[in-house]
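# Tertiary structure, described
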Amino acid sequence: ENRMSARQITQVLTWMEQQGELFPDFLGSLPASGWDGTLKKRMKKSSDLAGVVRAKTGTLTDPITVAGMAGYFRHPSEGWVAFTMLSNGLEGRGQPGLLDLRNAQDDAIKAIFK
């Protein structure tokens, strides 16, 4: 019954970034794109993105397919930027595959760095 919006999750992440001494440890606890955890196999095709994204992922498959990713990406000029992506199917319709949702999220991150 977690009903947090993407905006609310991003607000929590933005607040955490402002917590001085705590932020480096918090950031270090999140998996890194292309390196470890749930992001180890994601964004690997682009060597420019290895380690650039630090985020937590999550999935649901019932009653609808949901793929979520929330955390930070290291922007070349803006520094760490908090983000949240919640991608899902619609109830009563054919559900998208989790891989399709994850690939769309990865593509969105890649587009920022082009």
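To be clear, the structure that these remarks concern was listed above.
Residues numbered from 1 in each chain as written. Predicted model: local features only at pLDDT ≥ 70, side-chain atom pairs only at ≥ 80, totals over all residues. Heavy atoms only, no water.

### Observations concerning the sheet that holds strand 2 (residues 66-75)
Adjacent strands of a sheet form backbone hydrogen bonds with each other and so pair up, either parallel or antiparallel. This is how it is decided: Strand pairing is assigned whenever DSSP detects at least two bridges linking the two strands. Numbering of helices and strands starts at the N terminus; helices are DSSP runs of H or I of at least 4 residues and strands are runs of E of at least 2. Under this scheme, a helix contributes an axis fitted over its contacting stretch, all axes are lines through C-alpha atoms, and angles between N-to-C directions fall in the 0 to 180 degree range. Here a residue-residue contact requires only that any non-hydrogen atoms of the pair lie within 4.5 Å.
Taken in spatial order, the three strands of this open sheet run 1-2-3, and their pairing is antiparallel. The open sheet has two edge strands with one neighbour each: strand 1 (53-60) and strand 3 (79-88). The sheet shows a mean angle of 10° between the axes of neighbouring strands, direction not considered. Where helix 1 (residues 6-17) meets the sheet, it contacts strand 2 and strand 3, and its direction lies at approximately 160° from that of strand 3. Along the sheet, helix 3 (residues 98-112) makes contact with strand 1, strand 2 and strand 3, crossing strand 2 at roughly 20°.

### Quick word on the environment of Ala 6
Operational definition: Relative accessibility thresholds used throughout: buried, under 20% of the residue-type maximum; exposed, over 50%; partly exposed, between the two (1.4 Å probe, protein chains only).
Tracing the backbone through its elements, the reader meets Ala 6 in helix 1. When its relative accessible area of 28% is taken as the criterion, Ala 6 is described as partly exposed. For the pair formed by Ala 6 and Ala 32, sequence separation is 26 residues and the distance between their alpha carbons is 20 Å. Contact partners of Ala 6, with chain neighbours within four places excluded, come to Thr 84 and Leu 86.

Keep in mind these numbers describe shape, not what the thing actually does.
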